[in-house]
Amino acid sequence: MSAGSELKLPHLEAYPVHVSLFQDVTNAEFLKRQLLEGNAEYEYAFLDATTIISVNHVLAAVFRAINDSIHNRLKSRNVHSEIVFSLSPNNNIAESFRRFGVSDTTNTLLAIKVLNAPNSAVTRLDPASHLGSCVEGNRIEFSDENLKHSADLPRIRKIYKLNSSDNSKSKGKSAKSESTTNGVHNEAHELKEMEAVILGIMALKGS
Amino acid sequence: MAQSTTHTLPPPFNSSSTTPKPPLITQGAEALLYKTTYLTPSTPIALKHRPKKSYRHPTLDTRLTKARILAEARVLVKCKREGVVVPAVLGADWEEGWLACEWIEGKTIRAALDGYLKRDVGEEADLRGEGVRGLMGRIGVVLAKLHGIGVVHGDLTTSNLMVRQLEREGDGLESLSLGENREKGLEGEVVIIDFGLATQSVQDEDRAVDLYVLERAFGSTHPQAEGLFEEVLRVYGESYKGAKVVLRRLEDVRLRGRKKSMIG
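Calculation notes
- Residues numbered from 1 in each chain as written.
- Chains lettered and ligands numbered in written order.
- Predicted model: local features only at pLDDT ≥ 70, side-chain atom pairs only at ≥ 80, totals over all residues.
- Heavy atoms only, no water.
- UniProt positions renumbered as here; feature names shortened; annotations may be inferred.
- Helix = DSSP H or I, 4+ residues; strand = E, 2+ residues; numbered from the N terminus.
- Contact = heavy atoms within 4.5 Å.
- pLDDT = per-residue confidence, 0-100.
- Buried < 20%, exposed > 50% of the residue type's maximum accessible area, 1.4 Å probe, protein only.
- Pairing = 2+ DSSP bridges.
- Core = buried A, V, L, I, M, F, W, Y, C linked by side-chain atoms within 4.5 Å.
- Domains from an automatic or database assignment.
- Buried area = accessible area lost by both parts, 1.4 Å probe.
- Salt bridge = Lys/Arg side-chain N within 4 Å of Asp/Glu carboxyl O.
- Polar contact = N/O pair within 3.5 Å; in protein donor to acceptor, adjacent residues only side chain to side chain.

As annotated in an unreviewed UniProt entry, chain B carries the name EKC/KEOPS complex subunit BUD32 and is attributed to Tothia fuscella. In its Sequence similarities (unreviewed entry) section, the UniProt entry covering chain B states "Belongs to the protein kinase superfamily. BUD32 family." Check the Subunit (unreviewed entry) section of the UniProt entry for chain B; it says "Component of the EKC/KEOPS complex composed of at least BUD32, CGI121, GON7, KAE1 and PCC1; the whole complex dimerizes."

An unreviewed UniProt entry lists chain A under the name EKC/KEOPS complex subunit CGI121, with Tothia fuscella as the source organism. Its UniProt record gives chain A the following Sequence similarities (unreviewed entry) comment, quoted word for word: "Belongs to the CGI121/TPRKB family."

So, in structure tokens, the structure goes:
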């Protein structure tokens, strides 16, 4: 049983981020309702982990949301909704919530809270214990390994419009040095390349 | 230069209390390149900052900075999508004028050739060594791939091509000769960097000029190695459909130089 992690993004140390990953969640519907009702105690970004590929995928969205918040250019209500929005390849806020936010059927849930969020009310609740009591599910480690396990790769490819076929195609002679590696290495490599394209798409969003 | 060297980083890269101050790696006419970390303390990045130019009108400055950051980022993402080996884009802020790219660990082709020529070749240039020829061939493949997806680099030099340092030290699989070449820094994936002047184009002329600029760069940084460039072109010519036409065009470009004649 993990306690969730408190992370400090390089250069944004003033805004520590709490991240908890839960699997076998049974009360997603309840959590979603708290967001819809604007319950102030539930100021989190609740993500459905099936559309998350890796730790960096999440952190890139968090970085962008905090940075945009510092610069007073949020497109959505607050830094937490902005995290969900930042993951999306386009500017449709409702769609970003359908794709990346918690849904009634969410099984693996990623909860994120930006502490000392700029322009946001201070919450007295400790996110680790509050989440522990309000999310019905098992907390697991926030890691690439666990995120890979819950990721729905075909769906992620579709959302970011990645042509899956092209990736394994000839890499020219540079692939020669990799020919000795086994399938595990290549799968990891492909995931890394996918992450790189996704982060690029997210960085360009809104341009 | 008498100019003060206290460069100011854009926020949030200037405000950090626990991340060390990013060192300046290099500087071009328009941008400053720093090394720092991003997203996690163990992820190094190249941070390209285009500072405000006080001699430009603020509105124009903002627009140019934004256009240039985005042009570079779009080309990099396009390359990454199509499997051309370039640094990944990890983040950007066109209002502050920064672009965060994956850090490529390795040497520039320039440094790799310097080392090779100094150590192994000496006065009598023996450029038939397997390692160098292989490296030249890999450059040819990468350039063909770049041009093949409709991107022209715009500033190909031996410093804008890198050989990525191989990971997985000592997995016991590589042959002895590969081990030797690794030592010389000739083995490893070729990565194209600095897309600040890149454009999207499928014109033979643009592609040929790209090759011509690199050819001249080879000639000026490594006069003994000029013959090596033939190998780049040979492999380039075999690597995609339009390549042969581009090579023919290159012969015209050689005769007249990079600029098309504007007379008449």
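And the narrative resumes.
Undergrad: Help me understand the overall build of chain A in this model?
TA: A count of helices and strands for chain A gives nine helices and five strands. N-terminal to C-terminal, the α/β element order of chain A is β-β-α-β-α-α-α-β-α-β-α-α-α-α. Restricting to contacts in chain A with at least 6 residues of sequence separation, those with at least 24 account for 77%.

Undergrad: Whenever I open this one, the confidence of the model for chain B confuses me. Can you help?
TA: Residues shown with low pLDDT carry predicted positions that ought not to be read at fine detail. Confidence in the prediction of chain B, expressed as mean pLDDT, is 88, and 86% of residues score 70 or more. A low-confidence stretch, residues 170-176 of chain B (pLDDT under 50), is modelled with four contacts involving residues beyond four sequence positions or located in other chains.

Undergrad: For this particular structure, what's the right way to read the pairing of strand β4 (residues 109-114) of chain A?
TA: Residues and elements named next belong to chain A. β4 sits mainly inside the fold: six of its six residues count as buried. Burial along β4 is two-sided: the face carrying L109, A111 and K113 and the face carrying L110, I112 and V114 are both buried. For strand β2 (residues 17-23) and β4, the ladder comprises six bridges, and the chain directions are antiparallel. If you follow L21 over to β4, its bridge partner there is L110. In this structure, strand β3 (residues 45-48) lies alongside β4, joined through four bridges in antiparallel fashion. Within β4, the residue paired with L47 across the bridge is L110.

Undergrad: How do you make sense of the nonpolar core when you look at a structure like this?
TA: Membership of the largest hydrophobic core comes to 114 residues, with the highest contact counts inside it found for I112(A), Y160(A), I139(B), L143(B) and F195(B). Take this core: its biggest share by element is 10 residues, from helix α9 (residues 183-204) of chain A. Residue contributions to this core reach at least three from each of two domains, namely domain 1 (24-102) and domain 2 (106-256) of chain B. Setting aside residues up to four positions removed in sequence, Y160(A) forms contacts with H57(A), L87(A), P89(A), F100(A), I198(A), I201(A), M202(A) and R81(B). Ranked by size, the runner-up nonpolar core spans 13 residues in total, among them A28(A), L31(A), F46(A) and V135(A).

Undergrad: Sorry if this is basic, but what is going on with helix α5 (residues 127-134) of chain A here?
TA: Helical periodicity: at 3.6 residues per turn, an α-helix aligns residues three or four positions apart in one direction. Within α5(A), the full set of buried residues consists of P127(A), A128(A), H130(A), L131(A) and C134(A). As for α5(A), its buried residues are in contact with β2, α1 (28-36), β3, β4 and β5 (138-140) of chain A.

Undergrad: Honestly, the interface of chain B and chain A in this entry has me stumped. Any pointers?
TA: Taken together, the contact between chain B and chain A spans 38 residues of the former and 39 residues of the latter. Summed over both partners, the interface of chain B with chain A comes to about 3300 Å²; 60% of that surface belongs to carbon and sulfur atoms. Across the chain B-chain A interface, the total number found is three salt bridges. Across the salt bridge formed by E95(B) and R73(A), the nearest N and O atoms sit 2.9 Å from each other. The interface formed by chain B and chain A includes 10 residue pairs in polar contact (both at pLDDT 80 or more). Counting residues per element, the side of chain B that touches chain A draws most heavily on helix α1 (residues 58-81) of chain B, at six residues.

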